[in-house]
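Understanding the architecture of this molecule
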Amino acid sequence: MTCDAIRDLLSAFLDGELPAAERARVDRHLAACPDCRELWTLMGESRAALASIPEAAVSRELLAGLYAIPGSKKPLFVRLSRTLLPRLQPAMAVLTAVLIALSMYAFHPNRKLIDRSINRQVHLAYSRVERLYVRAEGWTGRLGEMTSTVLDSVKGAKGAGGKEARDN
Amino acid sequence: MNGYSKRVFNLAYQFCGSYQEAEDLTQDIFLKLHGVLAKYDPCKNFAAWLTTLAKNHLIDVYRKSKWEKGHRDDFEDVLAKAESRSNPEGDLLRRERTSMLWTALDGLAPDIRMAVILRDIQGKTYEEMAEILDLPLGTVKSRINRGRLQLAMALKDRKGECHDL
C-alpha cells in the first residue's frame, strides 16, 4: 500500500475503527515507514490535545439575553400580524380585488373580445365627452348673450328711472 | 436552557474562536430557534437537531462574512473562561501544543473544522456526527481524517520551526 492510501486510514486506525486485516496492513506500513509513523504519532498527540480544550462558561449577560428572547423578540410573522396587518387590511382587500380582476382578464379564453369591448366603451365614452363639450360651448355662448341682454336692460331701466326723477 | 445554551455557545466559540463573537452567534441561533421551533419533529433527538441548526448557522455566517483569519482569542483566554479549572497548570509542553492547535483550527475549511470540533473536542461518536452533519458515515470519517492530517502537519511544521531556532 502507498503512503497516501495508508494516510487515508490513519484516523480510523487511531480510533480503532479498522477491521483486523486493514489494521494489520497499516501496522506493517507504520513499522516500515518513518514519515507515516511520525504523522500517526502527531495525529494521536493532536487528538489528545484537542480533547483537553476546556468547555467555556456561559456569561450571565448572555443567559439573561437568551431568557429575554421570547418576550422581547417575537418571530417576524407574529410581529407583523400584531402591528402592520390590521392597518393594511382595507388596502389588502382592494389589492386582492384588483389582482383577481386582472387575473380574470389575463387568463380569460376570449381576451380579444374583452379588449374589443373595452375599446368600444372607451371610444363611446370619448365621443360622449366630446358631445358634452360642444354642448357646453353652445351654452357658454348663450349665457354670454343673455348676460349682455340683461346688462343692457338693467342700464336702460336705470337711464329711464333717472330721467323720470329729474322730470319730477 | 442552561445546558443547551452551553452546548451551542461552546460550539460557536470553538468554531469562530472569539468569545464576544460566539455570544452574538449564540443569540442569533436562539432567535432562529424560536422561529423554527414549530418545524421540530418530536421523534428526533432535540439536542442533535439544535446542534444541526447551530452548525448550519455558523457555517452560513462564516461563508457570508469570511471571518478574518488570526482573530481567535489567545488560548490563555480560553483557559481563563473555562468553566472548571481542575488542572489549570497542566504540562507546559502539552499546553503549548494545545494552544498551537487552537490557533491552527482557523486554517481548516469550515466543514472540516466543524467535523474535528465535534469529534475531537466535543467527543461525539461517528453516528452522532452523521446525524448532526446529515452526511453518510464514510464522508464524516473522511472529513475527520483530513482535518486530523492537516493539524498533524501543522504540528510537524511547528516542531520543525522550533528545531531550527
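The next thing to look at is the overall build of chain B. Broken down by element type, chain B carries eight helices and zero strands. Starting at the N terminus and walking to the C terminus, you meet the elements of chain B as α-α-α-α-α-α-α-α. A buried classification covers 48% of the 165 residues belonging to chain B. Expressed as a percentage of contacts within chain B between residues at least 6 apart in sequence, the contacts between residues at least 24 apart total 66%. Of the accessible surface of chain B, which amounts to about 8500 Å², a share of 49% is contributed by carbon and sulfur atoms.

Turning our eyes to something else, we now look at the interface of chain A and chain B. Across the contact, 36 residues belong to chain A and 42 residues belong to chain B. Taken together, the two surfaces of chain A and chain B that pack against each other cover about 3700 Å², and 64% of this comes from carbon and sulfur. When the buried surface of chain A facing chain B is broken down by residue, Leu50, Ile53 and Glu55 of chain A rank first, second and third, together holding 16% of it. The interface formed by chain A and chain B holds six salt bridges in total. At the surface where chain A touches chain B, the tally comes to 14 residue pairs in polar contact (both at pLDDT 80 or more). When residues of the side of chain A that touches chain B are traced back to their parent elements, those giving at least two are α2 (10-14), α4 (34-51) and α5 (60-72) of chain A.

Glancing now at the confidence of the model for chain B. Residue and element names in this part refer to chain B. Across chain B, pLDDT averages 87, with 90% of residues at or above 70. Confidence, read as mean pLDDT per element, is least for helix α4 (residues 75-80) in chain B (86) and greatest for helix α6 (residues 110-121) (96). Taken over the whole predicted complex, pTM reads 0.67, whereas the ipTM for its chain interfaces reads 0.88.

In the structure shown here, the tally under the stated rule is twelve salt bridges over all chains. A salt bridge links Lys6 of chain B to Glu55 of chain A, with the shortest nitrogen-to-oxygen separation between them at 3.4 Å. Note that Lys6 of chain B is positioned in helix α1 (residues 2-16) and Glu55 of chain A in the loop between α4 and α5, a pairing that runs across two chains. Salt bridges linked by common partners bring Asp15 and Arg47 of chain A together with Arg119, Asp120 and Arg148 of chain B together as one network.

Residue and element names in this part refer to chain B. A full pass over the atoms with the stated rule returns ten aromatic pairs over all chains. A centroid spacing of 5.9 Å and a plane angle of 25° characterise the contact between Phe9 and Tyr13, whose relative ring orientation is stacked. Note that Phe9 and Tyr13 are positioned in helix α1 at a spacing of four residues, about one turn of the helix. Taking the relative accessible area as the measure of exposure, Phe9 reaches 0% and is therefore buried. Given a relative accessible area of 2%, Tyr13 falls into the buried group.

Let us look at the nonpolar core. Counting residues in each nonpolar core, the largest one holds 74 residues, and the members touching the most others are Leu10 and Val26 of chain A together with Phe9, Tyr13, Leu58, Met114 and Leu151 of chain B. The biggest single contributor to this core is helix α3 (residues 46-65) of chain B, with nine residues. Leave out the neighbours within four places in its chain, and Tyr13 of chain B touches Ala56 of chain A together with Ser18, Tyr19, Ala22, Arg72, Asp73, Asp77, Val78 and Trp102 of chain B.

Let's shift gears to α6 of chain B. Residues and elements named next belong to chain B. Across its twelve residues, α6 extends 15 Å between first and last C-alpha, which sits within 8% of the 16 Å expected from 1.5 Å per residue. Most of α6 is tucked away: eleven of the twelve residues are buried. By the burial criterion, the buried members of α6 are Pro110, Ile112, Arg113, Met114, Ala115, Val116, Ile117, Leu118, Arg119, Asp120 and Ile121.

So, on to unusual backbone geometry. With a phi close to 55°, Asp134 of chain B is a non-glycine residue in the positive phi region. For Asp134 of chain B, the position within the fold is in the loop between α7 (126-133) and α8 (137-164).

Our focus in this paragraph is the side chain of Glu23 of chain B. Here Glu23 of chain B is to be found in helix α2 (residues 19-36). In this structure Glu23 of chain B is buried but unpaired, with Lys81 of chain B as the nearest side chain of opposite charge at 7.9 Å. Within the structure, the side chain of Glu23 of chain B is placed 2.5 Å from the side chain of Ser59 of chain A, a separation counted as a polar contact. Leave out the neighbours within four places in its chain, and Glu23 of chain B touches Ser59 and Leu62 of chain A together with Phe9 of chain B.

So, on to a nonpolar patch on the surface. A surface patch of nonpolar side chains, about 610 Å² in accessible area, is lined by Leu88, Met92, Val94, Leu95, Val98, Leu99 and Leu102 of chain A. By secondary structure assignment, the location of Val94 of chain A is in helix α7 (residues 84-106).

Moving on: the packing of α3 of chain B against α7 of chain B. Residues and elements named next belong to chain B. Relative orientation of the contacting elements α3 and α7 amounts to 55°, with a least axis distance of 8 Å. Of the possible angle classes, the one that applies to α3 and α7 is oblique. As for how α3 packs across α7, the hand of that crossing is right-handed. Contacts between α3 and α7 involve Ala48, Thr51, Thr52 and Lys55 on the former and, on the latter, Glu131, Ile132 and Leu133. Of the residues in the contact of α3 with α7, the class split is three nonpolar, two polar and two charged.

Definitions and limits used
Residues numbered from 1 in each chain as written. Chains lettered and ligands numbered in written order. Predicted model: local features only at pLDDT ≥ 70, side-chain atom pairs only at ≥ 80, totals over all residues. Heavy atoms only, no water. Helix = DSSP H or I, 4+ residues; strand = E, 2+ residues; numbered from the N terminus. Buried < 20%, exposed > 50% of the residue type's maximum accessible area, 1.4 Å probe, protein only. Contact = heavy atoms within 4.5 Å. Areas by Shrake-Rupley, 256 points an atom, 1.4 Å probe, with all protein chains shown as cover. Buried area = accessible area lost by both parts, 1.4 Å probe. Salt bridge = Lys/Arg side-chain N within 4 Å of Asp/Glu carboxyl O. Polar contact = N/O pair within 3.5 Å; in protein donor to acceptor, adjacent residues only side chain to side chain. pLDDT = per-residue confidence, 0-100. Phe/Tyr/Trp six-rings, centres within 6.5 Å; stacked < 30°, edge-to-face > 60°. Core = buried A, V, L, I, M, F, W, Y, C linked by side-chain atoms within 4.5 Å. Expected span 1.5 Å × (residues − 1). Lys, Arg positive; Asp, Glu negative; His and termini not counted. Patch = residues over 30% accessible without salt bridge, like charges linked within 9 Å, V, L, I, M, F, W, Y side chains within 5 Å. Axes fitted to C-alpha atoms, helices over the stretch in contact; angles between N-to-C directions. Parallel < 35°, antiparallel > 145°, perpendicular 65-115°, else oblique. Left-handed = near helix turned anticlockwise from the far one by under 90°. Nonpolar A, V, L, I, M, F, W, Y, C, P; charged D, E, K, R; others polar.

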